[in-house]
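Structural overview for review
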Amino acid sequence: MLKLAVLISGRGSNLQALIDAGAKKDWPAEIVLVISNVAAAPGLARANKAGIPTKVISHKDFTGREPFDAAMTEAIEAAGAELVCLAGFMRLLSDSFIAHWRDRLINIHPSLLPAFKGLHVHERVVEMGARFSGCTVHYVRPEMDTGPIIAQAVVPVRADDDADAVAQRVLAQEHKIYPLAVRLIAEGRVRVANEIAVIDGAEAPTGVLVNPAKV
Ligand code: GRF
């Protein structure tokens, strides 16, 4: 079983997806610690309900990013976690934290990276009139929302969608690809070569999507 630490700041629906994946037969991972930098994060209740140890480490209790990140590393290592999963964790991480956890630190982002990095993704997708959006699970590198891509899902954007509608459609896919990516890593099927994540025995889908589909 691959031991996971999950870092959150809020709602925790991706954490929930990973918890729920744990109920499935042959799931090769186990969440040993959930860390939140926000004491009131609703995701903490999800972990408590599942009997998973939690720790609140508030960035406000530290003089800077480095000591805050060092406290997190200490807690993660004390729990014996081998893979760190960012799941709506809303703090930028220091280069030293990212270097320490290199290729053992993954993130989920609600766009098809490298498009739409950063915040307010769905608003920008709608403003741009993008025909597709999606989500990405990737290894973390120092530059925000970059790093080798492990899995992506694509969703169509419809003409009458607002940002919330896109967010909902994307989120449903986040909840599928985050557990998928964790499983692939836990099974030892992902390696990073020349900054590309290569997955053993993976097949790409066939077929092409065009939006507009009917004109
Ligand atoms: C998700 O959209 C994730 O892609 C982004 O932050 C959001 C977290 O949602 N990084 P939740 O807390 O997992 O519900």
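Conventions adopted
Residues numbered from 1 in each chain as written. Predicted model: local features only at pLDDT ≥ 70, side-chain atom pairs only at ≥ 80, totals over all residues. Heavy atoms only, no water. Domains from an automatic or database assignment. Contact = heavy atoms within 4.5 Å. Buried area = accessible area lost by both parts, 1.4 Å probe. Polar contact = N/O pair within 3.5 Å; in protein donor to acceptor, adjacent residues only side chain to side chain. Helix = DSSP H or I, 4+ residues; strand = E, 2+ residues; numbered from the N terminus. Near = heavy atom within 4 Å. Areas by Shrake-Rupley, 256 points an atom, 1.4 Å probe, with all protein chains shown as cover. Nonpolar A, V, L, I, M, F, W, Y, C, P; charged D, E, K, R; others polar. Patch = residues over 30% accessible without salt bridge, like charges linked within 9 Å, V, L, I, M, F, W, Y side chains within 5 Å. Salt bridge = Lys/Arg side-chain N within 4 Å of Asp/Glu carboxyl O. Lys, Arg positive; Asp, Glu negative; His and termini not counted. Charge placed at Lys NZ, Arg CZ, Asp CG, Glu CD. Buried < 20%, exposed > 50% of the residue type's maximum accessible area, 1.4 Å probe, protein only. Pairing = 2+ DSSP bridges. Axes fitted to C-alpha atoms, helices over the stretch in contact; angles between N-to-C directions.

Further remarks concern the domain arrangement of the protein chain. Domain parsing of the protein chain yields domain 1 (1-101) and domain 2 (107-203). A straight line from the C-alpha centre of domain 1 to that of domain 2 covers 19 Å. With 19 residues of domain 1 at the contact, the number on the domain 2 side is 17 residues. When the two sides are added together, the surface that domain 1 and domain 2 hide from each other amounts to roughly 1,500 Å², 77% of it contributed by carbon and sulfur. Broken down residue by residue, the surface that domain 1 buries against domain 2 is led by Asn14, Leu86 and Ile98, which jointly contribute 33%. The interface formed by domain 1 and domain 2 contains three residue pairs in polar contact (both at pLDDT 80 or more). Broken down by secondary-structure element, the contributors of at least two residues to the side of domain 1 that touches domain 2 are strand S1 (2-8), helix H1 (13-21), strand S4 (83-86) and helix H4 (95-100).

All right, on to the site of the ligand then. Around the ligand sit Arg11, Gly12, Ser13, Asn14, Gly88, Ile108, His109, Pro110 and Glu174, and those are all the residues in its vicinity. A distance of 2.8 Å separates an oxygen atom of the ligand from a polar backbone atom of Asn14. Taking Glu174, its side chain carries an N or O atom lying 2.7 Å from an oxygen atom of the ligand. Computed on the free molecule, the ligand has an accessible area of 370 Å², of which 85% lies beneath the protein chains in the complex. Looking at the shell around the ligand, the elements that each hand over two or more residues are H1 and strand S5 (105-109). When its residues are assigned to classes, the shell around the ligand shows two nonpolar, five polar and two charged. Mapping the shell around the ligand onto the domain boundaries places at least three of its residues in each of domain 1 (1-101) and domain 2 (107-203).

A grouping of Glu123, Glu127, Asp160, Asp162 and Asp164 is seen on the molecular surface, where their side chains present a negatively charged patch. Within the fold, Glu127 resides in helix H5 (residues 121-128).

Before going further, it helps to spend a moment on the environment of Val182. Turning to its location among the elements, Val182 is positioned in helix H6 (residues 163-186). Residue Val182 is classed as buried on the basis of its relative accessible area, which comes to 0%. Put simply, Val182 and Ala29 are 153 residues apart on the chain and 7.6 Å apart in space, counted from C-alpha to C-alpha. The residues touching Val182, leaving out its near neighbours within four places in the chain, are Leu4, Leu18, Trp27, Ala29, Cys85 and Ile106.

Position of His175 relative to the elements: it lies in helix H6. In this structure, the C-alpha to C-alpha distance between His175 and Ser13, residues 162 residues apart in sequence, is 7.6 Å. Ignoring any residue separated from it by four or fewer positions in sequence, one finds His175 in contact with Ser13, Asn14 and Ala17.

In this section: the pattern of salt bridges. A full pass over the atoms with the stated rule returns seven salt bridges. We note a salt bridge from Asp103 to Arg141, for which the minimum N-O separation is 2.7 Å. With Asp103 in the loop between H4 and S5 and Arg141 in the loop between strand S6 (132-139) and strand S7 (149-156), this residue pair connects regions lying 38 residues apart in the sequence. Asp103 gets classed as partly exposed once you look at its relative accessible area, which sits at 32%. Classification of Arg141 by relative accessible area gives buried; the value is 8%.

A few words on the side chain of His122. Mapped onto the elements of the fold, His122 is located in helix H5. For His122, a relative accessible area of 11% puts it in the buried group. The contacts of His122, once residues within four sequence positions are left out, are Pro110, Ala163, Val166, Ala167 and Val170.

If you trace the seven strands from one edge of the open sheet to the other, you get S3-S2-S1-S4-S5-S6-S7, paired in mixed fashion. Looking at the sheet topology across the chains shown, the edges are occupied by strand S3 (54-56) and S7. Across the sheet, the mean angle separating the axes of adjacent strands is 20° when strand polarity is ignored. As paired strands, S6 and S7 are joined by seven bridges and run antiparallel to one another. Within S7, the residue paired with Ser133 across the bridge is Val155. Contacting S1, strand S2 (29-36), S3 and S4, helix H3 (residues 65-78) runs over the sheet at an angle of about 150° to S2.

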